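Next come the chains, spelled out residue by residue.
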Amino acid sequence: MRTFRSILAVAALAVPAGAGAAAPALLRPSAEESFPIGNAGPACEVQGTAMGDQRRSIFDRRWVILCADVSRAVGTAYTFRDKADVLQRVAAGRTDMLDCPAGSEAPGVQGLTCTDSKSGLEWRIYVQETERGTVAVEGLAAYDDALRLTLRSLVADRVVEGPISIANLGASDSLSLARARAENSDPGLLLGQGYRGNSAGSYAEAAEFFAAAPAILADTTQVGVVSHEAQIHEALVNRALQLSNLGAFGQARRNFAEAEEMGLRDPVQTRLARNYAAIDALNRGAPKEALEILSRDVPPFIAAATDDGALNIDRQTAASLNGAAGASLTALLGQPTRLSPQDRAAVIDAQALQLRGTALRLDGKPDQAREVLSQAYANAMKVQDGRIISITRLRAQIMSELALGYEAQGRYGEAESNLRGALELVETTYPDSASVHVVSARLAGFLARRGKADEALTIYRGVIADVERDQGVLVGMEHLMRPYFDLLAGEATQAPARVEELFTASQLLQQPGAAETLTQLSRQLEGGSDAAAGLYRRSLGISRELERTRVEIARLSAAQQPGESDAQLDALRARRDQLAGAQLEAMDALAKFPRYRAVAQRTASVEQLRASLKPGEGYFKLAQLAGSLYGVLITPTQARGWKVAMSAREAEDAVDTLRDSISLTINGVQSTYPFDIDTAVTLDKALLGPARSEIETLSHLIFEPAGAMLKLPINLLTDDARGVAAYHARVKAGGDEYDFTGIDWLGRDREVSTALSAASFRDARAAPRSVAKKEYLGLGNNVPLGPVSVRPGIRSGEGAAIDADCAWPLSTWNQPISPRELNEAASLLSGGTDLMTGANFTDEAIMARPDLGAFRIVHFATHGLVTAPRVGCPVRPALLTSFGDSRSDGLLSFREIFDLRLDADLVILSACDTAAGAGLEATREAGLATGGGEALDGLVRAFIAAGGRQVIASHWPAPDDFDATERLFNGFYKAKNASIGNALRASQTSLMDDPLTSHPYYWAGFAIVGDAARPVPAH
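Parameters at a glance
Residues numbered from 1 in each chain as written. Predicted model: local features only at pLDDT ≥ 70, side-chain atom pairs only at ≥ 80, totals over all residues. Heavy atoms only, no water. Helix = DSSP H or I, 4+ residues; strand = E, 2+ residues; numbered from the N terminus. Buried < 20%, exposed > 50% of the residue type's maximum accessible area, 1.4 Å probe, protein only. Contact = heavy atoms within 4.5 Å. Areas by Shrake-Rupley, 256 points an atom, 1.4 Å probe, with all protein chains shown as cover. Phe/Tyr/Trp six-rings, centres within 6.5 Å; stacked < 30°, edge-to-face > 60°. Lys NZ or Arg CZ within 6 Å of the ring centre and 35° of its normal. Axes fitted to C-alpha atoms, helices over the stretch in contact; angles between N-to-C directions. Parallel < 35°, antiparallel > 145°, perpendicular 65-115°, else oblique. Nonpolar A, V, L, I, M, F, W, Y, C, P; charged D, E, K, R; others polar. Disulfide = S-S within 2.5 Å. Pairing = 2+ DSSP bridges. Polar contact = N/O pair within 3.5 Å; in protein donor to acceptor, adjacent residues only side chain to side chain. Salt bridge = Lys/Arg side-chain N within 4 Å of Asp/Glu carboxyl O.

Peer 1: Before we go on, may I ask you to explain the overall build of the protein in this structure?
Peer 2: Across its full length, the protein carries 35 helices and 26 strands. Out of the 1019 residues belonging to the protein, those deemed buried represent 60%. In the protein, 71% of the contacts between residues at least 6 apart in sequence involve partners at least 24 apart. Split by element, the accessible area of the protein, about 37,600 Å² in all, is 50% carbon and sulfur.

Listed below in structure tokens is the structure:
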């Protein structure tokens, strides 16, 4: 059981309270902040460098202009308080000389065209005076649109919209813009982005930046310098921490071990590694192990006082402390203040004491815990007299821990006082942040346990409203939110208000693996060059500025005296409201693009969902939270919510039992056993219990799975006591134990859809039909590699960073799927068909094909790799293909699928799950709860983003025995004037009624993701 999550980034820069500029501006540079430019075209942004000619004016500022398809800055921008010697001061910042026309001293807004004397490239310079000073922008003339937009934005002090029309060279990977930031400014920016994501509770986003940092830092920093090694180490241990926060403990161990192998012994890095390893142990529910870790020796902070009282630090210590990225990162306010080396070490040690106190409390030693926590708080307050903003989270964490100890001892007044004090701290410093949500939920849980349900519900509702408004998720708050779900679920409640709340809150939960997948796809969208990408970058810029504005309002409000009028505060509030409106407009515009809808966290109300449902339909949402399961059933006329009478662990055991009786692979040998029908009945009663009679009346069930049910189709559950009894009697009399004819399965008499979310189902139902002219494209039957020991080739970029130990074994390519079902389908359809099989079925050929959008049905019959090759490795969902040239890796990854341009009513992924043997850690990225083969949040989501309306995906390897899969799809394709769901159900029913194929292995494996009621694409 996960007991603790870190939302504290003690390594990040701390900012003294009360510091800051007198008048905040929208476009101010810092070492962490940036703003996007261009609402169409390549991904470009203006990145602040927090650098200026301080000798002349502290208000001078400098930015670099970055675009994702170029490895260097395409331009530079400056603001000066005055206009004297502008060109000379700009020239002083260049590394190359320019040849400019004679007599050009002040180019003005019209610009000046020069030539780079070294490269021969044209160079453009613009200068414009404003009321606040002078703005200068210069850079490559080929990126003139980006230069002009930067100039206009800085002059207007807001992001000015406009397209960037340049030749897009294509990004090498989804982090190319982040690479450009690191290569053209401070390499520590990647770590800064990671710390920012961690502080916001976006662990998957943080993990991505920390994962990318080592390779980028190796390319951008001189090898051998202590600070370089410290940055690499810091990235590794932070990556490990984020993975631990996500529950991917195997991968976390791998990263911790890699960092330890570096052998660094500097004071800060060893302290960070110690603290993060302890947090990992607490996440795994091992407080005794955490105490052992926190007792490890760390190198002393070597410092000596001189005769005059000054503090001297040895060179290596100074380099490791000052050079580490965290020492130079700015906090959310974007202020360039640094912690001193000794202050940073003191904060990390204070956190270690706080972690020790947490571990002691969890180990049943409340008195010792309270003593240690009190010391931790005192030590934290000694750092700059407690005026450091970033230790606010640490102080709040300590106060919350003290409250839990007081509560355990029955000292409820002191417990509540500490919780309310912690909440006041974070509300003042980090309004609307994950820290506020965490402390609020802790307070609400305490009140719920004290019988104050109404007050607890009010606080919980505030958390939900904030998270939903910001399109966030409740990752990292599962245990804290469980009392809220328990209060709402009650005894199978049918109270409309309670069901609405339960349904809304359940939509804000997210599978850890889904978080990682969505983060990667979001980065893919951000780096694109189409209209959706431009709008998305704009929305991110608005969100960042809204966040900064709220923080500044909170800071100024806290400093304001009663009755005092503050025009600056009023202006900030007006700006906040303006940004909130702009954010809603951006979200509304983005909702038109399937690529955005596939990655966005969106919710639907009960009434909105009901408006999408037809008579006889019901939406069943399953939610998993902190070891418990909750169900919500919504029909056009009624709604019900309940807590499932089975724990998440018990449900997982039941699902594993069923999966093992369907398809179990041991040492490469796949076996099928008699289906455990009694377990299917038990699971049916537990999951559907209070709503089973209502579900029985439905003709179409839409199921949104969670937890273990992500890897099991719901259509094979049953409550048919009579049919089950008849089966057992038949077997007892010597009948075939594989003959399950006569069972009334849940999916026998009703269509079944699988939904990624309520919003995605609503979108699938409302999506227009494909306008593609051709009917069918079949792809599969890769060329086997045979007895080779070296892979034919591997693409640079995404695949190049794959650890050799985490590559798929070559034998994976030596079991191609037969093309029979593709050939048969093509022969049954007559509206324009094509096949890509054998040597033509390569990842490169698929991505390069210009007419992918011309087919209404796209059918893959190939292996889907939706787990990891081995425990401890990351999961990279992909479809296996033939190898192409030296750039091919023989895989069509989910990120490559995301960028395909389809216009398909239906995408079929046959034989999609043939690698289901890995454990928990090996399945996170595909959005899986356990070691199954579902790819709902990986491959399927990517295909929907690429333009697939509905996706049929398999939960286990498609069977070849008795031609079951071929028969299944032959019946499906022959269906006339039927819905997708009824066509598949009719074909499944024919297999159910055949004793040879009545076992669920043969008919139950394919799930329709989307809307099963949509018609089969016209023949």
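Peer 1: Where do I start with the packing of aromatic side chains in this structure?
Peer 2: For any pair of aromatic rings, the description consists of the separation of the ring centres together with the inter-plane angle of the planes. For the structure on display, the rule yields 22 aromatic pairs. Ring plane angle 40 degrees and centroid distance 5.1 Å describe the contact between W813 and F883, whose orientation is recorded as tilted. Here the residue W813 occupies a position in the loop between strand 18 (774–780) and helix 29 (820–828), and F883 occupies one in the loop between strand 22 (878–880) and strand 23 (891–893), the gap between them amounting to 70 residues. Taking relative accessible area as the criterion, F883 reaches 13% and is therefore assigned buried. Between the NZ or CZ atom of R450 and the centre of the ring of Y412, over which it lies, the distance is 3.6 Å.

Peer 1: Can you walk me through unusual backbone geometry in this structure?
Peer 2: Residues other than glycine predominantly adopt negative phi, and peptide bonds predominantly adopt the trans conformation. Although it is not a glycine, F962 adopts a positive phi angle of roughly 55 degrees. Along the chain, the position of F962 falls in the loop between strand 25 (948–954) and helix 33 (964–974). Residue class for F962 comes out partly exposed when judged on its relative accessible area of 39%. Even without a glycine there, the phi angle at N977 is positive, about 55 degrees. Following the sequence through the fold, N977 ends up in the loop between helix 33 and helix 34 (980–992).

Peer 1: Would you mind showing me how to read the packing of helix 13 (residues 392–408) against helix 15 (residues 434–449) here?
Peer 2: A pair of packed helices can be characterised by two numbers: the angle between their axes and the separation between those axes. Where helix 13 meets helix 15, the axes come as close as 11 Å, and the angle between the chain directions of the two elements is 10 degrees. Here helix 15 runs roughly parallel to helix 13, going by the angle between their axes. For the pair helix 13 and helix 15, contact is made by R393, A396, Q397, S400, L404 and E407 and by S435, V439, R442, F446 and R449, respectively. Class assignment of the residues belonging to the contact of helix 13 with helix 15 gives a composition of four nonpolar, three polar and four charged.

Peer 1: Teacher, can you tell me more about the state of the cysteines here?
Peer 2: Covalent bonding between the sulfur atoms of two cysteines defines a disulfide. Considering all chains together, one arrives at one disulfide under this definition. Note on cysteine connectivity: C100 is disulfide-linked to C114, with sulfurs 2.1 Å apart. Across the S-S bond linking C100 and C114, the dihedral sits near 110 degrees, which makes this disulfide right-handed. Separated by 14 residues along the polypeptide, C100 in the loop between strand 5 (98–99) and strand 6 (112–116) and C114 in strand 6 bring together distant segments of the chain.

Peer 1: Is there a simple way to explain the sheet that holds strand 23 in this structure?
Peer 2: Backbone hydrogen bonds hold the strands of a sheet together, and the pairing may be parallel or antiparallel. Ordered by their spatial adjacency, three strands build an open sheet running 21-22-23, and the pairing between neighbours is antiparallel. Each of the sheet's edge strands pairs with one partner strand only, and the pair in question is strand 21 (864–865) and strand 23. Two strands pair when backbone bridges link them, and strand 21 and strand 22 are joined in this way by two bridges, in the antiparallel orientation. Paired with G864 across the bridge in strand 22 is L879.

Peer 1: Just checking my understanding: could you explain the sheet that holds strand 11 (residues 617–625) for this structure?
Peer 2: Pairing is mixed in the open sheet, where eleven strands are placed in the order 13-12-11-16-17-26-25-24-20-18-19. In the strand order of this sheet, the two ends are held by strand 13 (639–643) and strand 19 (833–837), each with one partner. Put simply, the sheet's adjacent strands are angled 20 degrees from each other on average, direction ignored. Two elements, strand 20 (residues 855–861) and strand 24 (residues 904–910), share five bridges in a ladder whose sense is parallel. Within strand 24, the position partnered with H859 by the bridge is I908. In this fold helix 17 (residues 478–489) packs onto strand 11, strand 12 (628–634) and strand 13, with an angle of close to 45 degrees to the strand it touches most, strand 12.

Peer 1: Would you mind going over the side chain of E704 with me for this structure?
Peer 2: Note on placement: E704 falls in strand 16 (residues 700–704). Here K621 takes part through its side chain, which lies 2.5 Å from a polar atom of the side chain of E704. Leave out the neighbours within four places in its chain, and E704 touches Y619, F620, K621, L622, A755, L756, S757 and A758.

Peer 1: Teacher, can you tell me more about the pattern of salt bridges here?
Peer 2: Counted under the stated rule, the structure contains 41 salt bridges. D577 is the partner of R576 in a salt bridge, and the nearest nitrogen-oxygen pair spans 3.3 Å. Between K774 and D851 there is a salt bridge, with its nearest N and O atoms 3.8 Å apart. Here K774 is found in strand 18, whereas its partner D851 is found in the loop between helix 30 (843–848) and strand 20, with 77 residues between them in sequence. Overlapping salt bridges bring together E416, R420, K452 and E455 as one network.

Peer 1: Explain the pairing of strand 26 (residues 1006–1009) to me, please; I cannot follow it from the model alone.
Peer 2: With burial as the criterion, each face of strand 26 is covered, one bearing F1006 and I1008 and the other bearing A1007 and V1009. Sheet topology note: the strand 17 (residues 751–754)/strand 26 ladder contains two bridges and is parallel. Its bridge partner being in strand 26, S753 is matched across the sheet by I1008. Where strand 25 and strand 26 come together, four bridges link them in antiparallel fashion. The residue of strand 26 that forms the bridge with V951 is V1009.

Functional significance is not addressed by these values, which are geometric in nature.
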